[in-house]
Amino acid sequence: MYQRLFVNFSVAWAAIMANRLRAALTALGIIFGVSAVIAMLAIGNGAQQEILEQIKLVGVNNIVIKPVLEQEEKEVGEDIGNMQKKKEKFSPGLTMQDVESIRNLPMVVYTSPEILLETYIIKNGLQRSAKLVGVEPSYFTLTNFKLSEGQMFSPINLEYGDQVCIIGQGIKTKFFSKENPIGKRLKCGRHWLKVIGVLEPRLVSSNSISKLGIRDYNMDIYTPTKTMLIRYTNRSVVTKAMIRKAANRRNRNNNNNNQSSEKEQTKNYHQIDRLVIQVDETEYLGKAADIIARMLERRHFKVVDYEVSIPELLLKQQQRTKDIFNIVLGVIAGISLLVGGIGIMNIMLASVLERIKEIGLRLSIGAKKSDIITQFMFESVLISVSGGVIGVLLGVSMSYFIAKLAEIPTIVSFSSIIISFVVSASVGLVFGITPARRAAEQDPITSLRYE
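Note that the coordinates shown come from a computational prediction; the quantities given were computed from them, not determined experimentally.

(A) Up close: the overall build of the chain. Broken down by element type, the chain carries 18 helices and ten strands. Relative to its 451 residues, the chain shows a buried fraction of 42%. A separation threshold of at least 6 residues defines the contact pool for the chain, and within that pool the share at least 24 residues apart is 81%. Element-wise, carbon and sulfur atoms account for 59% of the exposed surface of the chain, whose accessible area totals about 24,800 Å².

(B) Structural detail: unusual backbone geometry. Of note, the phi angle at N124 is positive, near 55°, even though the residue is not glycine. Position of N124 among the secondary structure elements: in the loop between β2 (108–123) and β3 (126–135). Despite not being glycine, F301 shows a phi value in the positive range, around 55°. Along the chain, F301 falls in the loop between α13 (285–299) and β10 (306–309). Residue F301 is classed as exposed on the basis of its relative accessible area of 52%.

(C) Structural detail: the environment of V279. Along the chain, V279 turns up in strand β9 (residues 274–279). Separated by 173 residues in sequence, V279 and P106 have C-alpha atoms that sit 8.9 Å apart. Among residues more than four places away in sequence, those in contact with V279 are N61, I63, M107, V108, V109, L285 and A288.

The rules we used
- Throughout, residues of each chain are indexed from 1 in the direction in which the sequence is written.
- The predicted origin of the model limits local features to residues at a pLDDT of at least 70 and limits the giving and counting of side-chain atom pairs to 80 or more, whereas totals for whole chains, interfaces and linings rest on all residues.
- As a rule here, side-chain values come from all non-hydrogen atoms in the structure, and water together with hydrogens is ignored.
- Under the DSSP-based scheme used, a helix requires at least four consecutive residues in state H or I and a strand at least two consecutive residues in state E, with every element numbered from the N terminus.
- Throughout, exposure labels follow a simple rule: accessible area from a 1.4 Å probe, protein chains only, divided by the maximum for the residue type, with under 20% read as buried, over 50% as exposed, and the rest as partly exposed.
- Note on contacts: a residue pair qualifies if any of its non-hydrogen atoms lie within 4.5 Å across the two residues.
- Only the protein chains shown count as covering a residue, and every accessible area follows the Shrake-Rupley method with a 1.4 Å probe.

Right, dumping it as C-alpha cells:
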C-alpha cells in the first residue's frame, strides 16, 4: 500500500515539475488568500493586545471624571459683560468633598483622586521637568501598578501629609542609576521628598498615550494627596491674593467690559485634576455614571464644569470596530481562497483532458481507479500546500511591513500558521476530488484511442 502511495506521489510530483509555470499560476489564489489570512489574524491579534494593554492602563469597570471649564452661552450680539452679570453661577469645582460623597455610594469599590502638578526635580546638580501626582493607595490598585522595591504609603503618611514619594522606573534610571533610591531625598519643586518606593516599569505605547490621554508613568513622582494639598497646591483655598485679584478684575470689567473680559484667562479652580471610580460590576457602569453625574450636578449648583466618561466602554466599542474590520478582511481572504480552489479545480480538469492517453495507459497496465484518484489528489494538494507555504512567508512579511510602515501593532501567532496550512491543504483536497474522479472514470480503451 505504501509503495503504491509513493509511486502515485512520484507521478504527481513529476507532472507538477513538467508544468511548473502552470502550477505556479494555479497556486496564486492560494498564495494571496493564505497571506491575507496571516496578515489579517496578525492585525487582529495586535489590535486585541493593544486594547488589553489600554484596559490595564485605565483599569477595569472604571468611571473617569475630569474637570473642565464651563462652556459659555449667549445670544448673538449680546455683551459679554452683561452675560456675566446675568449668569451669576458659582461652583466649588471638583473637590475632595465630592470624592467623599461618591465614596458612600453602594456600588463604588474604589475612588482615586489625582492632583497633578507640573514641577521640576533636582538631584546632584541635575534638573529635569517632571509631573508630581498626589494620589491615594487606591490609585495603584486601580491602575495595576506594583512596587519593584520599597513600600506603599502608610496611614501615618496619608494622615499627616508626610514629605514622602514613590517614583517611576524612569526617575530611578535618571537620578539613582548608581545607588539604591530607597531612603534618599529628591527635591521636587520647593520641597524635599523622601523616596520610599519604586514602581515596576510600565510599557506605554505612543498610540495609547495619544488615544487615552495618559502620561508616561515611568517618569512620574507620586506623593500622598494630603501632602500635595498642604505643601504644594490647594486651589480650593481662598487667599488674600485671590481676593485682591478678583477685586481688580471686577474693577476692570466695570471700566471696559468688552476688552478686559476677552483678555482675561479663566483660572483652574478645581481642587483635584482627575477622579477615577471603580464599580463592582460592569453592568452597573452606565447607571453608576448617571447617578454620579446627577450628584455632581447638585453639588456644583448646576454648573457643568466636569466630564464623566467610561474608558472601558469606549475601548470595547473600539474593539468592536476593529473586529468588524477583521471580519471584512477574513471574508476577502476567504473569497481569495475560494477563487484559488476553483482555479485548482479548473486547471486539474484541463489537465485530465490533456492527459487522457496517460490515464488510459496507466489503467491498461494494471493501475486501479484509486491510484488515478490518488495521483490527481496528490497533485492538487501539492499545489495548494506549496501555495500555502509561500503564502505564510508572504503573510509574515506583510505583517512585518504593516507594523513598520503603518505603525500598527501586529502579532503573528503559531495558531494562524497552522490554520493557514490546514486551510490550504483542505482547499486542494476539496477542489481536487472532482478532477480526480473524472480522471478515474475514463475508459482505458477509449483513452488509448484518444487523439
